[in-house]
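# Observations on chain architecture
Here is what each chain is made of, one letter per residue.
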Amino acid sequence: MLGVVGAIAGKSTSWIQRLVFPSSALTSLLLLVISLLALSQPVDTLVLPLGLPGLPFHLRLDDLSAFFLLLLGAASLGVSLYSAGYFRAMENATRRLFCLEYHLFLASMALVMLADDAYLFLVAWESMALSSYFLVTTDHKIPDIRRAGFIYLLIAHLGALALLLCFGILQGGHGDYAFAALRNAHLSSFWATTAFLLALFGFGAKAGLLPLHVWLPEAHPAAPSPVSALMSGVMLKTAIYGLLRITFDLLRGQQPWEWGALALGLGLLTALFGVAYAAVQSDMKRLLAYSSIENIGILLVGIGLTLLFHTYRLNLLAALSLAATLYHSLNHAFFKSLLFLGVGSVLHATGERNLGKLGGLIHRMPWVAWTVLIGTLAIAGLPPLNGFISEWLLLQAFLFSPRLPHPYLVMMMPVASAALVLAVALAAYVMVKFYGIVFLGQPRETKLAQARDAGIWERLGLGWLAAGCLFLGLAPALVIPILDYVTRFLVGDALGSMATHNWLFLTPVLPERASYSPLFFLGVIASVVALTFFAVRRMYHGRLRYSDPWDCGYPETIQPRMQDTAEGFSQPILRIFEPFFHIEREQPDASTPRPRYREKIEDRLWRLLYRPLIRFTDRLSGGITRLQHGRIHLYLLYSFLTLLALLIFVR
Amino acid sequence: MASPFLGDLINLLAALLLLIAFAMLAQRRVLSLINLFAWQGLILAASTAVMAYSSHQHHLYYSALLTVLLKVLFLPWLLHRLIRQLNVKWDVETLINIPTTMLTGLGLVVFAFNLATPISQLATTVAKSTLGIALASVLLSFLMMITRRKAIPQVIGFLAMENGLFLAATSATYGMPMVVELGIALDVLVGAVILGIFFFQIREAFDSLDLKHMEQLREK
Amino acid sequence: MNTWPDTLFQLIQSVLVVTLAPLLLGWINQCRAWLQNRRGAGPLQPYRELHKLFHKEVVLAHHASALFRMAPYIRFGSMWLAAAIVPVLATDLPFSPAADVIALVGVFAFSRVFLALAAMDVGTAFGSLGARREMLVSFLAEPALLMVFFNASLISHSTQLTTIVETLSHHTLMLHPSMAFAAAAFLMVLLAENARIPVDNPATHLELTMIHEAMTLEYSARHLALIEWSSHIKLMTYTTLGIALFAPWGIAQAGDWRAVPLAVAALLFKLGLAGAGLALLETLSAKLRLFRAPEFLGTAFLLAVLGLLTYFLRIS
């Protein structure tokens, strides 16, 4: 196992640029295969004589780690293949540095998933944050990007701080930070809840949970596209991994229902918030970033539901919702990476990431357009693709909620499922907007005519991810057994053979209860399409003539600019959810000589939560600067006073 | 005890009553509001009659009959006449927009249901589970009175609230004693008539039925 | 389960639904004409229109992509699938395990997203306007529809349509209390999703109001015919779905061949009634302003959620 990690890290120093990314893709593939094999194996542990004396690194490969390594391998395979082609144009020195950081990033993510003690976990976690920070600020000459990177680093560190405290509580005064010791530490319910809240905060900061999401829509657009893809597709999942690890593994046995309700509520808020903001974005990458927030919300809803079922010992149902959560993580890794890479290609070919200046790219970039179409349909939660399956499983789990013995919870569940469904339906709106404006219609700018399709490496990467979406969508019965290892490990039950007794059908609990067969689904549609096509040809004719589109009787007046802009498309959403947004408008009336129309949508939370926080911190640090005079005597005095205080303390 | 069929029927009717309460909350037109009110009365009468049949409480038949006469025929007729004479067919103006009102209503329903669960377990009647619905419709009608700006919808809200109370009374205890019921019926009647007279007076004084003009009456 | 007679029966049923779908629309239009003191074109008019459209030559915009040409076929295929899932005559269908109610909502969403994308493909103002409005209507209608189904599946402990219909048709009362809410919500969703008054007006081409027609403005000939026909199937599917959920009496049980003629008669009767009812409703109501439509659908959504709450009131 270590060999794989070492290989990734070792390759990174290699200067043979052309070979690095393909070989890292190869290692990803290796990782994928190994983790797939590891799932059925007993737990592997390994102690490395590295690190501080007396504090060796513990590594452990159990089912949960293996699943997330599988996710990492699968997504990074696509991204690395893509990167092999993507960074050709970069200047050499930057590229070398980038290469190093990229692989450090991958390796540290793998280490996070393998770590078996809090110490290594945090080291890997921090190196993941730092390497991704440097990746985000690859174009560090642009001030906006530096600002985005700063926000990211700040929130990442807040989160890391919370995690540090969380592990401190978890060890329960024994001073042993190996996970095995943490598992056996018996915490009182108060400390357990504190640890859970800290973990939720710490991992939430990484995942983009509601009040801590602000870095996400800043950092994703700033980073180069393959990095955004990795950050969104995989790095956010490390937070999910950590949350699962702490709540279900380390805090095993004590989960009051309030935890689940809290996670569920936060998840719903995050999902609705993310999708509503995604709907009104006009920057492609910001749109996708907000959509990531939505998906993290859905994942958290799944975790919350699992916690609720697990609290009341409804283990089969907990397994069902956990399987939905894991499935969705896997799905999100595939389709979000795919979409970010597709956007990267568009960005590369046109230099434009404002939706309002694109259009009609399906003619210029068919490869990118068709693979991204698969990702779009998948993320919109449409059958027969993969996004639908995880949402389907989650809704099935929701339908079992009347079995919860708590009347208030049972009453709230329908409202919760309604909110979830609303978020999912709105995601379809967002995705139609995204795809329709970027790839369909007529080019809104003349320079788009020069756009060229992606190269061979890019195509390979996109193709792998799109194929993954299709596979996960069409063969759920082959995926569920993989998830079963994890659910059995975490909640003690699995969907088991019931789900797979017939490879054609997905039946999570009972065949009378619910079943779904994506292959059948696709088969019927495809055969009807083919039949209709030939029947119409046979019975009538296939005559076809090209002409201009309908111009309302005013010839030569149709212009590409008459199409909906991104803002126009999202206007109904803006209007319905108006209280959600903070909108600055500048709408002069028609008599103004040189009217200028402007509309800026800002994050409400930024204003409500962060501005006061910033002001507070400013004032605080203003007070502290007063201590700082630059006079060496004063500094010596400070040290002296500190020394005295410490002496009094240890006395 | 009564057959499950009748219990189901009463539940269904109660659910319809709540449905109408919601529809009234969402309704923008005064005319439809009055019609909805009449329908609500009719459903209330039907549920009372079914309850009378299932529990063999004969006085409930009388109250059903009374409900039909008063709330399905007389009061709607009175209100129709009122708006014809006052010539007010405008759309209902609301203080809060309708989706928000509806969401609040949903919250109220959850609240009412949870509130009613322990009480209804104490009740012994066939229709004990409708208590939550009755409570919810009382709260919804109250909400309607709060959010409407004009006088007539407020009166209708008041009357609808009485419907909910009536349902609560019948579902929890098989109705109030006849004397009380007659008294309430009379109260409602007199109340409606007096309000009708008031409308004329308000309009004479302010040339409008918008209640915000009443704010001028406060002490400065 | 997968015996040949069953499969044959399934095929016959779906073909029947697909071929009878234009008739239902014709019937609704005829009823509307009668209600409005017109003579009307007769219930067979949609067939004539489809036939005419199939004969015409396709006129395609210059920059239409392959997506634009694929979309009508995909829509038709998915509607056919939807028609195959809904139990219309009998409750035992070999196709039905392939997709449950959530997947059914997914089928509708799938076809809608394709049509909306195709509408944006040509790049005229009308297309994107239609797509935007359609998605607006759907993002509210879709959750409402799903909540309606949740009502039914809470009662029958299943999301499988056949199981739901079987449970409901054995229920003591014709309507479960929570289903009263679901029925109201379903009716509103039906009107909205099938581009009927009060949300959309199928007879208008006025850009201020049209939703569905704006999307299909660039389509012609066989493509348009397929889209129209799929819309008919969609209306038919929704109507039969409503019948199956809220008035399932007379549906033939599994393997009971003798009940089929009765089921056909009952179905025709119920469809006729439903069509007349829809026509009456459309004649009586006026089209809503576009921004009232979210309110209308939000009401449907809340009603369905309320239904779920009512269900829990009863069991607690």
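Because the structure is a prediction, the values reported are computed rather than measured. (Residues numbered from 1 in each chain as written. Chains lettered and ligands numbered in written order. Predicted model: local features only at pLDDT ≥ 70, side-chain atom pairs only at ≥ 80, totals over all residues. Heavy atoms only, no water.)

### Observations concerning helix α16 (residues 386-399) of chain A
We apply this condition: Note on conventions: DSSP H or I runs of at least 4 residues are helices, E runs of at least 2 residues are strands, and numbering of each starts at the N terminus. A helix is expected to span 1.5 Å multiplied by its residue count minus one. For each residue, the accessible area found with a 1.4 Å probe, counting protein chains only, is set against the maximum for its type, and the residue is called buried under 20%, exposed over 50%, and partly exposed in between.
For α16(A), spanning 14 residues, the distance from its first C-alpha to its last is 20 Å, which sits close to the expected 20 Å at 1.5 Å a residue. Taking burial as the measure, the 14 residues of α16(A) include 14 buried ones, the bulk of the element.

### A few points about the interface of chain C and chain B
The condition is simple: For this analysis, residues touch if any pair of their heavy atoms sits within 4.5 Å. Simply put, the buried area is the total loss of 1.4 Å probe accessible area from both parts when two parts are fitted together. Counted as salt bridges are all cases of a side-chain nitrogen of Lys or Arg within 4 Å of a carboxyl oxygen of Asp or Glu. N or O atoms within 3.5 Å of each other form a polar contact, as long as, within protein, one can give a hydrogen and the other can take it, and as long as residues adjacent in sequence are counted only when both atoms are side-chain atoms.
Counting residues at the interface gives 21 residues for chain C and 25 residues for chain B. Summed over both partners, the interface of chain C with chain B buries about 2,000 Å², with 79% contributed by carbon and sulfur atoms. At the junction of chain C with chain B, the criterion picks out zero salt bridges. Linking chain C with chain B are zero residue pairs in polar contact (both at pLDDT 80 or more). Elements supplying a minimum of two residues to the side of chain C that touches chain B: α7 (177-193) and α11 (293-315) of chain C.

### Here's the deal with the pattern of salt bridges
Residues and elements named next belong to chain A. For the structure shown, the criterion picks out 14 salt bridges over all chains. Of the charged contacts, one joins Asp62 and Arg245 as a salt bridge, the two residues approaching to 2.9 Å between their closest N and O atoms. Highlighted residues: Asp62 in the loop between β2 (57-61) and α3 (63-86) and Arg245 in helix α10 (residues 225-250), separated in sequence by 183 residues. For the pair shown, Asp62 and Arg245 are each scored as buried.

### A word on the interface of chain A and chain C
Quick note on the threshold: Gly is placed with the polar residues, together with every amino acid not listed as nonpolar (Ala, Val, Leu, Ile, Met, Phe, Trp, Tyr, Cys and Pro) or charged (Asp, Glu, Lys and Arg). Note: two strands are recorded as paired if DSSP finds a minimum of 2 bridges between them.
Taken together, the contact pairs 74 residues of chain A with 79 residues of chain C. Both sides together, the interface formed by chain A and chain C hides about 7,000 Å², and carbon and sulfur atoms give 74% of it. Considering only the surface of chain A that becomes buried against chain C, Leu399(A), Tyr540(A) and Arg545(A) emerge as the three largest contributors, covering 8% of it. Measuring nitrogen to oxygen at the nearest pair gives 2.7 Å for the salt bridge that ties Asp564(A) to Arg132(C). Our count for the contact surface shared by chain A and chain C stands at 19 residue pairs in polar contact (both at pLDDT 80 or more). Listing elements by their share of the side of chain A that touches chain C, those giving two or more residues are α14 (361-364), α15 (366-379), α16, α17 (407-439), α21 (518-539), β3 (544-547) and α22 (566-576) of chain A. Here the side of chain A that touches chain C gets 16 residues from one element, more than from any other, and that element is α17(A). Across the side of chain A that touches chain C, the residue classes tally to 51 nonpolar, 15 polar and eight charged. Bridge analysis of β3(A) against strand β1 (residues 58-61) of chain C gives four bridges, and the strand direction is parallel.

### Observations regarding the side chain of Lys270(C)
All names here are of chain C. By secondary structure assignment, the location of Lys270 is in helix α10 (residues 259-284). Judged by its relative accessible area of 15%, Lys270 falls in the buried class. Leaving out residues up to four positions away in the same chain, Lys270 has contacts with Ile243, Ala247, Pro248 and Trp249.

### Comments concerning the packing of aromatic side chains
Put simply, the test is: Here a Phe, Tyr or Trp ring, Trp counted by its six-membered ring, pairs with any other such ring whose centre lies within 6.5 Å, and the pair is stacked when the planes are under 30 degrees apart, edge-to-face when over 60, and tilted otherwise. Two limits define a charge over a ring: the Lys NZ or Arg CZ must be within 6 Å of the ring centre, and within 35 degrees of the ring normal.
Scanning the model with the defined rule gives 34 aromatic pairs over all chains in all. Measuring from ring centre to ring centre gives 6.0 Å for Phe167(A) and Phe179(A), while their planes differ by 20°; the resulting arrangement is stacked. One end of the pair, Phe167(A), is in helix α6 (residues 143-170); the other, Phe179(A), is in helix α7 (residues 179-184), and 12 residues separate them in sequence. Look at Phe76(C) and Trp80(C): their rings are 6.2 Å apart centre to centre, the planes differ by 65°, and that puts the pair in the edge-to-face class. Here Phe76(C) and its partner Trp80(C) are both found in helix α3 (residues 66-85), four residues apart, which amounts to about one turn of the helix. The residues Phe76(C) and Trp80(C) share a single accessibility class, namely buried. Clustering of aromatic rings is evident, with ring pairs tying together Phe121(A), Trp125(A), Phe167(A), Phe179(A) and Phe203(A). The ring centre of Trp125(A) lies 5.5 Å from the NZ or CZ of Lys206(A), which sits over that ring. Between the NZ or CZ atom of Lys71(B) and the centre of the ring of Phe166(B), over which it lies, the distance is 5.0 Å.

### Side note on the domain arrangement of chain A
Residues and elements named next belong to chain A. Our working rule: Boundaries of every domain are those given by an automatic assignment or by a domain database.
Split by domain assignment, chain A resolves into domain 1 (1-240) and domain 2 (604-650). Across the boundary between the two partners, domain 1 contributes eight residues, which contact four residues of domain 2. In total, domain 1 and domain 2 occlude about 410 Å² of area from one another, counting both sides; carbon and sulfur atoms represent 78% of this. In this structure, the connection of domain 1 to domain 2 is made through zero residue pairs in polar contact (both at pLDDT 80 or more). Across the side of domain 1 that touches domain 2, the residue classes tally to six nonpolar, one polar and one charged.

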